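Secondary and tertiary structure notes
This is what each chain is made of:
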Amino acid sequence: MQPSDTFVGSIDQGTTSTRFLIFNREGEPVASHQVEFSQIYPNPGWHEHGPLEIVTSVETCIEEAVQKFEAQGHTRGSIKSIGITNQRETTIVWDHETGEPLYNAIVWTDTRSQAIVAELKQRPGAAQLQTRCGLPLSTYSSATKLLWMLAHVPRVKDAFDRGTLALGTVDAWLVYRLNGGVAANVFVSDSTNASRTMFVNLKTLRYDETLLDFFGIRGKIHLPSIVPSSDATAYGVVASGALAQVPIMGCLGDQSAALVGQKGFSPGMAKNTYGTGCFLLYNVGDKPVFSTHGLLATVAYHFGGKPIYALEGSIAVAGSGIKFLQNNLNFFQESKGVNDLAYSVDDNGGCVFVTAFSGLFAPYWIDDAKGTLFGITQYTQKGHIARATLEATCFQTKAILDAMEKDSGHTLSELAVDGGMSNSDLAMQTQADLISIPVYRPEMRETTALGAAIAAGLAVGLWRNFAELRDINRSGGAVFEPQVSRQESAAKFGQWEKAVQMSRGWVGSKNIEQGEAVDPTNETCARAKNHNLPTHKATSISNNPLISDVVKSFTYTTAVKGRARISVKEIEVPPPSVQTALGSVLGDLDDADEEDLCLELRKVEILQRLRKLRKQSNGY
Ligand SMILES: Nc1ncnc2c1ncn2[C@@H]1O[C@H](COP(=O)(O)OP(=O)(O)O)[C@@H](O)[C@H]1O
Ligand SMILES: O=P(O)(O)OC[C@H](O)CO
């Protein structure tokens, strides 16, 4: 077969949208299709995706892209293999026996496990985790999302107790479903994805007993086998649809895929991808480097042989900040509208937006920040806020580059960029100004999809080695040269750092727990109605997983004015959280005038029971 007759497909399952692209041997996308899918935000800080909708979005993209491909005169039989790249950390649990998901996917941005993280950080051994798995204890990884589900979703806990609970990141879920699910039972994950769970030892790329024990799941849960990112057989074949029987041969977390797509194959090469979040990966070679300045150690790619590692700077909010202006504040109709709005003013007008919607990730790792807009006056226009939103990602990138320089002792001479938000010339110029080095943007910005196509193409023999990739996507890029002095950019950055410090501590113990509903049937609310309790109060109280058991009895108690008892002993959460939770309940109910007296009496009883519970408990 002539190479020019051979194509590879690439599934790019991102946080905001899913795409399928078909690449030729020159690394050019010849056909593609993209769909956005539902972003589910059930409570403040929560972010979910429908696991089945993710699969459907992939299938739709494949069908549509193949139709466009064939309309150009190609045949689907010329697509020889498929690569997958995906949002990382997003966690899906399903029943190993039925193959059915047990809960919505909890997205990487989701912060509901904040109280669990706070408790885990107090445990012996917590400080040593990062040198095993490369990741800090935070709401970001899959591990803490799983613990939240085990504590709050009975179906997940039941499957766990029965030994049928399977957990996968999006790659594992897609491979499993595309192969036909439980019938084929292809249950694998590549090392770039698996290592984002916190269960994997970064040096061995195997599940680590110490880590599994720390999270209390060793031997109790089905986890995917870890395989190389480029492999001819491990990922199985697509079971149905337009590409039935085509093998899946490549798999990379999206940030690793972007590094591969930018051909960052040598130590010292880096890329920054401005998607929903923004992630800077810096190739450190075949040994992991553990940061002392707030960066992550991660797997860059593993194509057989030795794995290659990267230092990573993760920013939780980039394009999602723009989506926020678009969808929540109605500032514009499409993402690109942010640029017109930003150009409508000359500067940020004194506004600094710390877009800490999920706390702040690298290099700060501040859990208790929330989005905070500084410097608003009567002068402030939408354009200033649009600029401040774009700048927020650029400031964080600057902070990450500073940290990377300290960790590596190496100064980058140019930053290669990609991802949806890199389409903004203004953002890229701002970036170059702030980091005082040129920013290089390739003409073809689908580098993430290209990376997965390369992984699949290497396995199927479309390319035999990295040297054959040299000319791919090299021409037509844009370079943004710094246009302001280092002093000016340092002054701006100083203002950002001040804003970061001032955004700390917004999330107090009460705020952490607000909005964390676990009562989808809203039983509490129904009871409240039955007893003529003000519904809004019951609802706000029930929005708290840590106190759901207390709430039910508490609500009942208040409803019948003291005749029922408060069953504190039913709570299965760590004592410090119980204490906080009760504080929160009392805080809420103190506002209910008619219940004040009753509550004061109950408070004493609760505190007595709490002390007893604390004595009995050895953690959870
Ligand atoms: N012209 C543009 N200017 C600024 N931001 C943009 C532009 N086009 C897209 N974006 C942003 O890029 C993000 C999508 O980028 P993408 O790389 O597709 O992300 P993901 O892979 O996370 O789904 C969106 O959040 C969107 O707001
Ligand atoms: O959806 P993106 O492109 O922002 O990437 C998400 C990351 O993989 C999360 O770690």
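Residues numbered from 1 in each chain as written. Chains lettered and ligands numbered in written order. Predicted model: local features only at pLDDT ≥ 70, side-chain atom pairs only at ≥ 80, totals over all residues. Heavy atoms only, no water.

1. Focus on the nonpolar core
To be explicit about the condition: Definition used in this section: a nonpolar core is a set of buried Ala, Val, Leu, Ile, Met, Phe, Trp, Tyr and Cys residues joined via side-chain atoms within 4.5 Å. For each residue, the accessible area found with a 1.4 Å probe, counting protein chains only, is set against the maximum for its type, and the residue is called buried under 20%, exposed over 50%, and partly exposed in between. Any two residues having at least one pair of non-hydrogen atoms within 4.5 Å are treated as being in contact.
Ranked by size, the top nonpolar core spans 64 residues in total, and within it Leu146, Leu165, Phe199 and Phe215 carry the most contacts. Apart from the residues within four sequence positions on either side, Phe215 is in contact with Leu120, Leu129, Leu137, Ala143, Leu147, Met198 and Phe199. Within the second largest apolar cluster, 42 residues are counted, among which are Leu205, Leu295, Phe331 and Leu426.

2. Things to note about the UniProt feature "domain: Carbohydrate kinase FGGY C-terminal" (unreviewed entry) in the protein chain
What counts, and what does not: UniProt positions are given in the numbering used here, feature names are shortened, and annotations may be inferred rather than shown by experiment. Numbered from the N terminus, helices here are DSSP runs of H or I no shorter than four residues, and strands are runs of E no shorter than two.
What UniProt calls "domain: Carbohydrate kinase FGGY C-terminal" (unreviewed entry) maps, in this numbering, to residues 271-459. A helix fraction of 36% and a strand fraction of 21% characterise residues 271-459, whose end C-alpha atoms lie 24 Å from each other.

3. Quick word on unusual backbone geometry
Geometrically, the link from Ala362 to Pro363 is a cis peptide bond, its omega value of -10 degrees lying close to zero. The residue Asn185 is not glycine, and still its phi comes out positive at about 50 degrees. Within the secondary structure, Asn185 sits in the loop between α6 (170-178) and β9 (188-190). Even without being a glycine, Lys263 presents a positive backbone phi close to 55 degrees. Mapped onto the secondary structure, Lys263 falls in the loop between α9 (254-261) and β14 (270-274).

4. So, the sheet that holds strand β1 (residues 7-13)
Defined as follows: One bridge is not enough; two strands pair if DSSP finds at least two bridges between them. Each axis is a line fitted through C-alpha atoms, and for a helix only the stretch in contact is used; angles between axes span 0 to 180 degrees, taken between their N-to-C directions.
In spatial order, the strands read β3-β2-β1-β5-β13; together these five strands make up an open sheet with mixed pairing. Single-partner strands in this sheet number two, and they are β3 (29-36) and β13 (248-253). With direction set aside, neighbouring strand axes in the sheet form an average angle of 15 degrees. With five bridges connecting them, strand β5 (residues 79-86) and β13 associate as parallel partners. When the sheet's bridge partners are listed, Asn86 is paired in β13 with Gly253. On top of the sheet, α6 reaches β1, β5 and β13; it is set at about 145 degrees to β5, its chief contact. Those strands touched by helix α14 (residues 447-460) are β1, β2 (17-23), β5 and β13, and its axis lies near 135 degrees from that of β5.

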